[in-house]
Amino acid sequence: MLLQMMTWAEVERHLKCSNGIVIPIGSTEQHGPIGLIGTDAICPEVIAGLAAEKTGALIGPTISVGMAQHHLAFPGSIALRPTTLIAVIKDYVLSLARNGFERFYFLNGHGGNIATVGAAFSEIYSETSFERNSTRPPIRCKLANWFAFPEIKTLCEEFYGDRDGRHATASEVAVTQYAYPEHIKRAEMDKAPPAARAFCDAVDYRMLFPDGRIEADSFLATPDHGERLARVSAECVAADFKKFLTEA
Ligand code: NI
């Protein structure tokens, strides 16, 4: 169920049965020669949708722009500063918490968000920690990366060996090809783009990784791989979310 397709009365009824919500979070950034700019938001959104079919989970509006300053030297990329993203996440959570949501499961599609999302959770918890004898209901937040479940790692190895890579990965491109076959792109590109190494700002990133990819042979992606990856990840998310709703 998508929050945006419900009425407030339906949400109020839903809250009587469950106080959990899944919020996809991604990024709007270059993904190499054939990867869509929206890849990191599309993947968790699609996977959250499939997981919701199994669990009846409520899906909140995707946070589509993330911490992506290092991609800004490529046209089309948009970034929120870490402090801005922290503020966005905090306001999402506290808005929904005001009316009874307590468990927030962020399904992430972008490695660059991880540190900032963790900091946002600490800011949210600080709201109650600094209040002595707080009467606020207990908010619990969890971050899960759709690509990090062991079952997904195994599939990636089966499909791509060691060529899935670090950015503009074949696996994430495959999920977007499954979701939006009408937007599949083709382009010439080198095999085995530069290996991963530390980078700083956007200029540095573009100099080190000229076509945007890090280690990733994105051209190995197929829509069939994408469907399998999305469905397996959705099963993992469904089980993980269910557990998150009931754990102390
Ligand atoms: Ni990505």
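Structure: see above.
This text gives an overview of the structure that appears in the document. (Residues numbered from 1 in each chain as written. Predicted model: local features only at pLDDT ≥ 70, side-chain atom pairs only at ≥ 80, totals over all residues. Heavy atoms only, no water.)

Comments concerning the overall build of the protein chain
Step number 1: Counting secondary structure elements, the protein chain contains 8 helices and 3 strands.
Step number 2: Along the protein chain, from the amino end to the carboxyl end, the secondary structure elements read α-β-α-α-β-α-β-α-α-α-α.
Step number 3: Taken over C-alpha atoms, the radius of gyration comes to 18 Å for the protein chain, in line with the 18 Å a tight globule of 248 residues would show.
Step number 4: For the protein chain, the proportion of its 248 residues judged to be buried stands at 48%. (Helix = DSSP H or I, 4+ residues; strand = E, 2+ residues; numbered from the N terminus. Rg over C-alpha atoms; globule rule 2.2 N^0.38 Å. Buried < 20%, exposed > 50% of the residue type's maximum accessible area, 1.4 Å probe, protein only.)

Some remarks on the coordination of the nickel ion
Step number 1: Binding of the nickel ion to the protein goes through His31 (NE2), Asp40 (OD) and Glu172 (OE), at separations of 1.9 to 2.1 Å.
Step number 2: The sequence pattern describing where the donors of the nickel ion fall on their chain is H-x8-D-x131-E. Pair noted here: His31 is in the loop between β1 (20-25) and α2 (39-55) and Glu172 is in helix α6 (residues 170-179), with a separation of 141 residues, a long-range link. Exposure class is identical for His31 and Glu172. Each is buried. (Donors = N, O, S within 2.8 Å, 3.2 Å for Na, K, Ca; no water.)

A few points about the environment of Asn133
Step number 1: You can see Asn133 is positioned in the loop between α4 (114-129) and β3 (140-145).
Step number 2: Residues Asn133 and Gly56 lie 77 residues apart in sequence; the distance between their C-alpha atoms is 35 Å.

Quick look at α6
Step number 1: Burial within α6 is extensive, with 8 of its 10 residues counted as buried.
Step number 2: For α6, every residue scored as buried is listed here: Ala170, Ser171, Glu172, Val173, Ala174, Val175, Thr176 and Gln177.
Step number 3: At its buried positions, α6 is contacted by α2, α5 (150-160) and α8 (223-246). (Contact = heavy atoms within 4.5 Å.)

Concerning the pairing of strand β2 (residues 103-108)
Step number 1: The element β2 is extensively covered by neighbouring structure, given that 6 of its 6 residues are classed as buried.
Step number 2: Of the two faces of β2, both are covered, the one formed by Arg103, Tyr105 and Leu107 as well as the one formed by Phe104, Phe106 and Asn108.
Step number 3: Sheet topology places β1 next to β2; 6 bridges connect them, and they run parallel. Across the sheet, residue Ile21 finds its bridge partner in β2, namely Phe104.
Step number 4: Both β2 and β3 contribute to a ladder of 6 bridges, which runs parallel. For Tyr105, the partnering residue across the bridge sits in β3 and is Lys142.
Step number 5: Following the backbone out of β2, through α4 and into the adjacent parallel β3, one traces a crossover that is right-handed. (Pairing = 2+ DSSP bridges. Right-handed = clockwise from strand over helix to strand, strands pointing away.)

Remarks on unusual backbone geometry
Step number 1: A positive phi is found at Ala168, a non-glycine position, where the angle reads about 60°.
Step number 2: The topology assignment puts Ala168 in the loop between α5 and α6.
Step number 3: Residue Ala168 is classed as buried on the basis of its relative accessible area of 0%.
Step number 4: The backbone of Glu215 sits at a positive phi, close to 65°, despite the residue not being glycine.
Step number 5: As for its position among the elements, Glu215 is in the loop between α7 (202-208) and α8.

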